[in-house]
Amino acid sequence: LAKTTQPISMDSYEGQEVNITCSHNNIATNDYITWYQQFPSQGPRFIIQGYKTKVTNEVASLFIPADRKSSTLSLPRVSLSDTAVYYCLVGGYSGNTPLVFGKGTRLSVIA
Amino acid sequence: GAVVSQHPSRVICKSGTSVKIECRSLDFQATTMFWYRQFPKKSLMLMATSNEGSKATYEQGVEKDKFLINHASLTLSTLTVTSAHPEDSSFYICSAPGQGADTGELFFGEGSRLTVL
């Protein structure tokens, strides 16, 4: 399984756009990139998934360059409630493959 | 989206006792479920893969006799922490893949916090 590297922590003011970059140099051809959000004492929650280029949904955008060795999660106009740990995971598209979590990025949004 | 529910959400037990945690897929069937544990301010660590109708697959370093996993039906997997000790105190989280053709998403339960006194 490809190893991921993310910043340990980030701070942002409310209303700003936050970009969290993840490195995954050893990503395999069949691997997808998935981001999860976790609040304290809760299970992780799926945010977004992509394979290449750009993916956008109602909560975030995911930018993946052509070489796919990194990806960037973009959260538009964050609020205090976006304070959480964000995990970047790389793995097979099939949900029957367990996801191995890295250390994640602890995002703190301040007023 | 699909819902995965865990019970209990919190449990406190005495050292030496056994504790069972249930993980249910409420509106879909899950032939596979994954169990994770998480220590404070740490990431999730995969413990084992639970397979309906067959033995669980444990990750290296996880004692299968201590963490008993049973996947008795397509909607229920249980994790039993046997002879619990304070070092087993942790946040245990289960997850299941969405049903259907490669949804690519894992659905996680709310987690179960175990405190062993």
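The residue numbers shown here count from 1 along each chain, following its written sequence. Going through the entries in the order they are written, you letter the chains from A and number the ligands from 1. The predicted origin of the model limits local features to residues at a pLDDT of at least 70 and limits the giving and counting of side-chain atom pairs to 80 or more, whereas totals for whole chains, interfaces and linings rest on all residues. Side-chain metrics rest on all non-hydrogen atoms present in the structure, leaving aside hydrogens and water.

## Re the pattern of salt bridges
Oppositely charged side chains may form a pair once their charged atoms are brought near each other.
Residue and element names in this part refer to chain B.
Okay, so step 1: We define a salt bridge as a side-chain nitrogen of Lys or Arg found within 4 Å of a carboxyl oxygen belonging to Asp or Glu. For the structure shown, the criterion picks out two salt bridges over all chains.
Okay, so step 2: Taking the shortest distance from any N to any O, the salt bridge between Glu 22 and Arg 24 comes out at 3.5 Å.
Okay, so step 3: Lys 66 serves as the salt-bridge partner of Asp 88, at 2.9 Å between the closest nitrogen and oxygen. Of the two residues, Asp 88 sits in the loop between β8 (76–81) and β9 (90–97) while Lys 66 sits in the loop between β6 (57–58) and β7 (67–73), which places them 22 residues apart along the sequence. Across the pair, exposure class does not vary: Asp 88 and Lys 66 are buried alike. The way it works is that DSSP assigns letters per residue, a run of H or I at least four long becomes a helix, a run of E at least two long becomes a strand, and they are numbered from the N terminus. Partly exposed describes any residue whose relative accessible area lies between the buried limit of under 20% and the exposed limit of over 50%, with all areas from a 1.4 Å probe on protein chains only and scaled to the type maximum.

## Quick word on the sheet that holds strand β1 (residues 4–7) of chain B
Strand pairing in a sheet takes place through backbone hydrogen bonds and is either antiparallel or parallel in direction.
All names here are of chain B.
Okay, so step 1: By the convention used here, strands pair only if DSSP detects at least 2 bridges between them. Here we have four strands laid out as an open sheet, ordered β1-β3-β8-β7, and antiparallel in their pairing. Whereas interior strands pair on both sides, the edge strands pair on one side only; in this sheet they are β1 and β7. Averaged over all pairs of adjacent strands, the angle between their axes in this sheet comes to 20°, without regard to strand direction.
Okay, so step 2: As defined by bridge partners, β1 adjoins strand β3 (residues 19–25) across four bridges and the pair is classed as antiparallel. Following the sheet pairing, Ser 5 is matched in β3 by Arg 24. For helices, the fitted axis covers only the stretch in contact; all axes are lines through C-alpha atoms, and the angles between them, taken along N-to-C directions, range from 0 to 180 degrees.

## Remarks on the interface of chain B and chain A
Okay, so step 1: Contact between two residues is taken to exist if any of their heavy atoms lie within 4.5 Å; hydrogens are not considered. Contact with chain B, which involves 22 residues of that partner, is made by 21 residues of chain A.
Okay, so step 2: Accessible area that two parts lose when put together, with a 1.4 Å probe and added across both, is what the buried area reports. Counting the surface lost from both chain B and chain A, the interface buries some 1,700 Å², and carbon and sulfur atoms represent 54% of this.
Okay, so step 3: Pairing of N or O atoms within 3.5 Å defines a polar contact, subject to two protein rules: one partner must be a possible hydrogen donor and the other a possible acceptor, and residues neighboring in sequence count only if both atoms are side-chain atoms. One can count six residue pairs in polar contact (both at pLDDT 80 or more) joining chain B with chain A.
Okay, so step 4: Secondary structure elements with two or more residues in the side of chain B that touches chain A: β4 (32–38), β5 (44–51), β9 and β10 (106–108) of chain B.
Okay, so step 5: In terms of residues, the side of chain B that touches chain A owes the most to one element, β4 of chain B, which gives four residues.

## A closer look at the nonpolar core
Okay, so step 1: To define a nonpolar core, start from buried Ala, Val, Leu, Ile, Met, Phe, Trp, Tyr and Cys residues and group those joined through side-chain atoms within 4.5 Å. Membership of the largest hydrophobic core comes to 25 residues, with the highest contact counts inside it found for Val 4, Trp 35, Phe 67, Tyr 92 and Leu 114 of chain B.
Okay, so step 2: Looking at this core, the elements that each hand over two or more residues are β2 (10–13), β3, β4, β5, β7, β8, β9 and β11 (112–116) of chain B.
Okay, so step 3: Beyond its immediate chain neighbours, meaning those up to four positions away, Phe 67 of chain B contacts Arg 37, Met 47, Tyr 58, Val 62, Leu 79, Thr 80, Val 81, Asp 88 and Tyr 92 of chain B.
Okay, so step 4: Membership of the second largest hydrophobic core comes to 20 residues, among which are Ile 20, Trp 35, Leu 75 and Val 90 of chain A.

Coordinates in, geometry out; function isn't part of it.
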